[in-house]
Amino acid sequence: MRIATWNVNSIRSRIDRVEDWLRRTDVDVLCMQETKAREDQFPFDRFEALGYEVAHHGLNQWNGVAVLSRVGLDDVQVGFEGDPGWGEPLAAEARAIGATCGGVRFWSVYVPNGRALDDPHMAYKLAWLGQLRDRAVEWAADGTPVALCGDWNIAPRDEDVWSMEYYLDKSHVSPPERAAFHAFLDAGFVDVVRPHTPGAYTYWDYQRLAFPKKRGMRIDFVLGSASFAARVAGAAIDREERKGTGASDHAPVVVELDD
DNA sequence: ATGGTAGACGCTCTA
């Protein structure tokens, strides 16, 4: 089974490229983030025509997450218990959706950005991650293969950013964020892509010619439970997909699983 | 040339 995760940065503006990529890459399951669409705006028909079942969660023009599958799509769950929420009134944003596909419990997650170290969004990000970790431990407790796929908005290691000097005192690399990420590893989840993609980035800012200057970050991850990680045969970051006009600022991340 | 983007409910916010 081939699975992938991809922050598409607006499915409505990206649908042609995503469709081309699916035809080319032939994945069985795709977790998408930042669809930036309500349910009535999401192009379900385009994916169904390619043979995928689709579960999408989108409330407005921000966030939005989806799971596409051609190996079954069951027990869809929108959001998770304990999501701290955001806004007034406090409410969960469209940042997580779960579905069981081909015997694996997938979660497509779009972790809050955090924005800046002293921004209220940072406390929200850390609380959100803490709750997700607690739920993830519960989901994996009975040995079910669980894959937490998405845009984590954290660069866990210094080598995951093009310049630590540049990111010093900025979001994505701070000790509390890295601790929140590491809590998943401490709980037994495994970054299954890193061993197969040393030194690679998954995201390049649209600004300041970041892509041609190779100024990227590794912030998109597939964290697998032990039983999921044991089946990983390979992984790749499709840097080619970041090229050209109309590209998302994130590259797709692909994982190959043994049956 | 010391800047440079992109997408959305676009005259401003988010990343």
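Use the structure listed above.
This section reports on the structure supplied with the text. Since this is a predicted model, take the numbers as computed values, not measurements. (Residues numbered from 1 in each chain as written. Chains lettered and ligands numbered in written order. Predicted model: local features only at pLDDT ≥ 70, side-chain atom pairs only at ≥ 80, totals over all residues. Heavy atoms only, no water.)

### Side note on the pairing of strand S4 (residues 65–69)
- For S4, a buried count of five out of five residues is recorded, marking the element as mostly surrounded by other parts of the structure.
- Residue alternation in S4 divides its side chains into two sets, Val 65, Val 67 and Ser 69 and Ala 66 and Leu 68, and both sets are buried.
- Inspection of the sheet shows strand S2 (residues 29–33) paired to S4 by five bridges, in the antiparallel sense. Paired with Cys 31 across the two strands is Val 67, which belongs to S4.
- Sheet topology places strand S3 (residues 53–57) next to S4; five bridges connect them, and they run antiparallel. What sits directly across from His 57, in S4, is Val 65. (Buried < 20%, exposed > 50% of the residue type's maximum accessible area, 1.4 Å probe, protein only. Helix = DSSP H or I, 4+ residues; strand = E, 2+ residues; numbered from the N terminus. Pairing = 2+ DSSP bridges.)

### Let's talk about the sheet that holds strand S6 (residues 96–101)
- Ordered by their spatial adjacency, six strands build an open sheet running S5-S6-S7-S8-S12-S9, and the pairing between neighbours is mixed. At either end of the open sheet lies a strand with only one pairing partner, and these are strand S5 (74–78) and strand S9 (190–191).
- The pairing of S9 with strand S12 (residues 220–224) spans two bridges and is classified as antiparallel. Its bridge partner being in S12, Val 190 is matched across the sheet by Gly 224.
- This element, helix H5 (residues 175–186), spans strand S8 (146–151), S9 and S12 of the sheet and lies at about 30° to S12. (Contact = heavy atoms within 4.5 Å. Axes fitted to C-alpha atoms, helices over the stretch in contact; angles between N-to-C directions.)

### Digging into the layout of surface pockets
- Empty space within the largest pocket amounts to approximately 860 Å³.
- Lining the largest pocket we find 34 residues, and of these Asn 113, Asn 153, His 172, Tyr 203 and Asp 205 sit closest to its centre.
- Listing elements by their share of the lining of the largest pocket, those giving two or more residues are helix H3 (120–140) and helix H4 (164–167).
- Here the lining of the largest pocket is composed, by residue class, of 13 nonpolar, ten polar and eleven charged. (1 Å grid on protein atoms, 1.4 Å probe; cavity = no way out; pocket = protein on both sides within 12 Å on 5 of 7 lines; lining within 4 Å. Points joined across faces, edges and corners; volume = space filled by probe spheres on them. Nonpolar A, V, L, I, M, F, W, Y, C, P; charged D, E, K, R; others polar.)

### Notes on the protein's contact with DNA strand B
- Taken together, 17 residues lie near DNA strand B, and Ser 10, Arg 115, Tyr 206, Leu 209 and Lys 213 sit nearest.
- Near-protein atoms of DNA strand B (within 4 Å) split between backbone and bases, with sugar and phosphate holding 59%.
- At 3.3 Å from a phosphate oxygen of DNA strand B is found a side-chain nitrogen or oxygen belonging to Arg 12.
- If you tally residues by element for the surface near DNA strand B, the top one is helix H1 (residues 11–25), at three residues.
- Among the residues forming the surface near DNA strand B, the class breakdown is four nonpolar, six polar and seven charged. (Near = heavy atom within 4 Å. Polar contact = N/O pair within 3.5 Å; in protein donor to acceptor, adjacent residues only side chain to side chain.)

### As for a negative patch on the surface
- On the surface, a cluster of negative charge is contributed by Asp 45, Glu 48, Glu 53, Asp 74 and Asp 75.
- At the level of secondary structure, the elements contributing two or more residues to the negative patch comprise helix H2 (44–48) and S5.
- Relative to the helices and strands, Glu 48 is located in helix H2.
- In this structure Glu 48 comes out as partly exposed when scored by relative accessible area, which is 46%. (Patch = residues over 30% accessible without salt bridge, like charges linked within 9 Å, V, L, I, M, F, W, Y side chains within 5 Å. Areas by Shrake-Rupley, 256 points an atom, 1.4 Å probe, with all protein chains shown as cover. Salt bridge = Lys/Arg side-chain N within 4 Å of Asp/Glu carboxyl O. Lys, Arg positive; Asp, Glu negative; His and termini not counted. Charge placed at Lys NZ, Arg CZ, Asp CG, Glu CD.)

### Considerations on the pattern of salt bridges
- This structure, assessed with the given rule, holds 20 salt bridges.
- Here Arg 46 makes a salt bridge to Asp 16, at a shortest N to O gap of 2.8 Å. One end of the pair, Arg 46, is in helix H2; the other, Asp 16, is in helix H1, and 30 residues separate them in sequence.
- A relative accessible area of 51% places Asp 16 in the exposed class.
- Put simply, Asp 160 and Arg 194 hold a salt bridge, and the shortest N to O gap is 2.7 Å. Linking Asp 160 in the loop between S8 and H4 with Arg 194 in the loop between S9 and strand S10 (203–204), this pair joins segments that are 34 residues apart in sequence. For the pair Asp 160 and Arg 194, one class covers both residues: buried.
- What emerges from the salt-bridge pattern is a single network uniting Arg 157, Glu 159, Asp 160, Asp 191, Arg 194 and Arg 218.

### Let's talk about the packing of aromatic side chains
- For the structure on display, the rule yields 13 aromatic pairs.
- Measuring from ring centre to ring centre gives 5.1 Å for Phe 80 and Trp 128, while their planes differ by 75°; the resulting arrangement is edge-to-face. On the criterion of sequence distance, the pair formed by Phe 80 in the loop between S5 and S6 and Trp 128 in helix H3 is long-range, its members being 48 residues apart.
- Since its relative accessible area comes to 6%, Phe 80 is described here as buried.
- The class of Trp 128 is buried, set by a relative accessible area of 0%.
- Clustering of aromatic rings is evident, with ring pairs tying together Trp 152, Phe 181, Phe 184 and Phe 221.
- Of note, Lys 170 hangs over the ring of Tyr 166, and the distance from its end group to the ring centre comes to 4.2 Å. (Phe/Tyr/Trp six-rings, centres within 6.5 Å; stacked < 30°, edge-to-face > 60°. Lys NZ or Arg CZ within 6 Å of the ring centre and 35° of its normal.)

Geometric descriptors of this kind do not, in isolation, establish any biological role.
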